[in-house]
Amino acid sequence: MAINKSAVTASLRLSVQTGTNSKGEPLVQNRDYKGLKPAATDETVFTTAQALASLMSIPVSRISRIDQNALVEA
């Protein structure tokens, strides 16, 4: 059985360190930016994420791209 995949949506996630807990471990929150074009290249997404990170007063610990795809039988 052949399956085709087609891009539905994409989003950008910046994980930021908002502080530390009582054990000294980092507290991390996610900032999601939805409405990313699924056809956007990874390089463009990363460059955009770096630009957004430079505007933040808290450190960004991870940049992620989240893609959602539809699977259909061919």
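My aim in this report is to walk through the structure given alongside it, one point at a time. (Residues numbered from 1 in each chain as written. Predicted model: local features only at pLDDT ≥ 70, side-chain atom pairs only at ≥ 80, totals over all residues. Heavy atoms only, no water.)

### Some details on the environment of Leu-52
Now for step 1: For Leu-52, the position within the fold is in helix α1 (residues 42–54).
Now for step 2: The spacing of Leu-52 and Leu-14 is 38 residues in sequence and 8.9 Å in space, taken between C-alpha atoms.
Now for step 3: With residues up to four places along the chain from it excluded, the contact list for Leu-52 reads Leu-12, Leu-14 and Tyr-33. (Helix = DSSP H or I, 4+ residues; strand = E, 2+ residues; numbered from the N terminus. Contact = heavy atoms within 4.5 Å.)

### A short note on a nonpolar patch on the surface
Now for step 1: On the surface, Met-1, Ile-3 and Leu-71 cluster together into a nonpolar patch covering about 400 Å² of accessible area.
Now for step 2: With respect to the element layout, Ile-3 can be found in strand β1 (residues 3–20).
Now for step 3: Owing to a relative accessible area of 46%, Ile-3 belongs among the partly exposed residues under this scheme. (Patch = residues over 30% accessible without salt bridge, like charges linked within 9 Å, V, L, I, M, F, W, Y side chains within 5 Å. Areas by Shrake-Rupley, 256 points an atom, 1.4 Å probe, with all protein chains shown as cover. Salt bridge = Lys/Arg side-chain N within 4 Å of Asp/Glu carboxyl O. Buried < 20%, exposed > 50% of the residue type's maximum accessible area, 1.4 Å probe, protein only.)

### Considering the sheet that holds β1
Now for step 1: Strand order across the open sheet formed by three strands is β2-β1-β3, with antiparallel pairing between neighbours. Two strands close off the open sheet at either side, each with one partner strand: β2 (26–36) and β3 (60–73). For this sheet, the mean angle separating the axes of adjacent strands, direction not counted, is 30 degrees. (Pairing = 2+ DSSP bridges. Axes fitted to C-alpha atoms, helices over the stretch in contact; angles between N-to-C directions.)

### Quick word on the side chain of Ser-15
Now for step 1: Along the chain, the position of Ser-15 falls in strand β1.
Now for step 2: Judged by relative accessible area, which is 6%, Ser-15 ranks as buried.
Now for step 3: Side-chain polar atoms of Ser-15 contact the side chain of Asn-30, separated by 2.8 Å.
Now for step 4: Discounting residues that sit within four places of it in the chain, Ser-15 has contacts with Val-28, Gln-29, Asn-30, Pro-59, Val-60, Ser-61 and Arg-62. (Polar contact = N/O pair within 3.5 Å; in protein donor to acceptor, adjacent residues only side chain to side chain.)

### Brief notes about the pattern of salt bridges
Now for step 1: Scanning all chains against the criterion turns up three salt bridges.
Now for step 2: Arg-65 is the salt-bridge partner of Asp-67, the closest N and O atoms lying 3.0 Å from each other.
Now for step 3: Linked through salt bridges whose partners overlap, the residues forming this network are Asp-42, Arg-65 and Asp-67.

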